[in-house]
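Residue-level listing of the chains:
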Amino acid sequence: MAELKRFLLAEKNTGKVIYPKGSEWFAALDATPLENVRVLILGQDPYHGEGQAHGLCFSVQHGVRPPPSLINIYKEIKADLGFNPPNYGNLKSWAEQGVLLLNSVLTVEAGKAASHQGRGWERFTDAIIQLVNDQPNPVVFILWGSYAQKKAAFVDQSKHLVLKSVHPSPLSAHNGFFGSKPFSQANMFLKSKDRGEIDWRLPPT
């Protein structure tokens, strides 16, 4: 973490723009304390466009058009649960219910996808996943794409439910993401373990 801090300070000192803003780097952990985690959705990097990233994977700030992967997530929610998606992309209401929306890497340089990979964030988020895995209560791990599946390969499937499919990106969603029903499966598991269901509907505004 000390090395990572030095790297990020150096990047800022050279005038580079980093997303999300510093106060939101740990927003996923702030919104979903460890003891409240019921579902973990694992992303890869923050969005690198202006005004998009705010610390929750797949989520964008209010006023920003939902990106293609999130649009596909909304399509699967509608097919799986019958809910019409909202016209925004802020997923904080999920986080507040115990859905940890964790990216593997928590920062990115503006306009440069994956620019902060290999700088130390991965070790930090590996430790978070391990802590969730070690929790006494069962959790649903939703792993979309090979990157997420490799990163969380150690999760104890005798205790937790691990749901895997291809990534919801437009490049792969038609190869197994659509029709995978992760949201209803997650709720069935949580209900069977007396952990309560997630309300995947998002507020109208």
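Residues numbered from 1 in each chain as written. Predicted model: local features only at pLDDT ≥ 70, side-chain atom pairs only at ≥ 80, totals over all residues. Heavy atoms only, no water.

### Brief notes about the overall build of the chain
What counts, and what does not: Runs of E in the DSSP output that reach at least two residues are strands. Runs of H or I that reach at least four are helices, and both are numbered from the N terminus. Only C-alpha atoms enter the radius of gyration; for comparison, a globular chain is expected to reach 2.2 Å times N to the power 0.38, where N is the number of residues. Only protein chains enter the accessibility calculation, which uses a 1.4 Å probe; a residue is then buried when its area is under 20% of its type maximum, exposed when over 50%, and partly exposed in between.
A count of helical and extended segments in the chain gives seven helices and six strands. In the chain, the succession of helices and strands from N to C terminus is α-β-α-β-α-α-β-β-α-β-α-β-α. The C-alpha atoms of the chain give 16 Å as radius of gyration, which agrees with the globular expectation for 205 residues (17 Å, within 12%). Taking the principal axes of its C-alpha atoms as reference, the chain extends roughly 50 × 35 × 30 Å. Considering the chain as a whole, with its 205 residues, one finds that 51% of them fall into the buried category.

### Some thoughts on unusual backbone geometry
Peptide bonds are, in most cases, trans, and in most cases residues other than glycine have a negative phi. Note that the residue after Tyr19, namely Pro20, is joined by a cis bond; omega there is -10 degrees. Along the chain, Pro20 falls in the loop between strand E1 (18–19) and helix H2 (27–31). Here the phi dihedral of Ala114 falls at roughly 65 degrees; this positive angle occurs in a residue that is not glycine. Position of Ala114 among the secondary structure elements: in the loop between strand E4 (108–109) and helix H5 (121–133). Unusually for a residue other than glycine, Asp194 sits at a positive phi of about 60 degrees. Position of Asp194 among the secondary structure elements: in the segment after helix H7 (182–192).

### Things to note about the pattern of salt bridges
To keep it simple, the criterion reads: Any carboxyl oxygen of Asp or Glu that lies within 4 Å of a side-chain nitrogen of Lys or Arg is treated as forming a salt bridge with it.
Enumeration over the complete set of coordinates arrives at four salt bridges. A salt bridge links Asp126 to Lys151, with the shortest nitrogen-to-oxygen separation between them at 2.5 Å. Here Lys151 lies in helix H6 (residues 146–151) and Asp126 lies in helix H5, a separation of 25 residues in the sequence. The exposure class assigned to Asp126 is partly exposed, which follows from its relative accessible area of 32%. The salt bridge involving Asp199 is made with Arg201; its shortest N-O contact spans 3.1 Å.

### Some thoughts on the sheet that holds strand E2 (residues 39–43)
Note the following rule: DSSP calls a pair of strands paired once it identifies at least 2 bridges connecting them. Think of each axis as a best-fit line through the C-alpha atoms, taken over the contacting stretch in the case of a helix, with angles from 0 to 180 degrees between the N-to-C directions. A contact between two residues is defined here by any heavy atoms of the two lying within 4.5 Å.
Pairing is parallel across the open sheet formed by four strands, whose spatial order is E3-E2-E5-E6. Single-partner strands in this sheet number two, and they are strand E3 (99–103) and strand E6 (161–165). The sheet shows a mean angle of 15 degrees between the axes of neighbouring strands, taken without regard to direction. Running over the sheet, H5 touches E2, E3 and strand E5 (140–144) and is turned about 155 degrees from E3. Against the sheet, H7 touches E2, E5 and E6, its axis set at about 165 degrees to E5.

### Digging into helix H1 (residues 2–13)
Convention followed: By definition here, a helix of n residues has an expected span of 1.5 Å times n minus one. When we speak of the arc, we mean the arc of directions from the helix axis to the C-beta atoms.
The terminal C-alpha atoms of H1 lie 16 Å apart, and with 12 residues this matches the ideal 16 Å at 1.5 Å per residue to within 8%. Taken residue by residue, H1 has Leu4, Phe7, Leu8 and Glu11 as its buried positions. Looking straight down H1, one finds its buried side chains confined to an arc of 95 degrees; they lie on one side. Exposed positions of H1 whose direction lies more than 90 degrees from the buried face are Lys5, Arg6 and Asn13. Looking at the buried residues of H1, the elements they touch are E1, E4 and H5. One or two positions beyond H1, positive phi appears at Gly15, with a value near 90 degrees.

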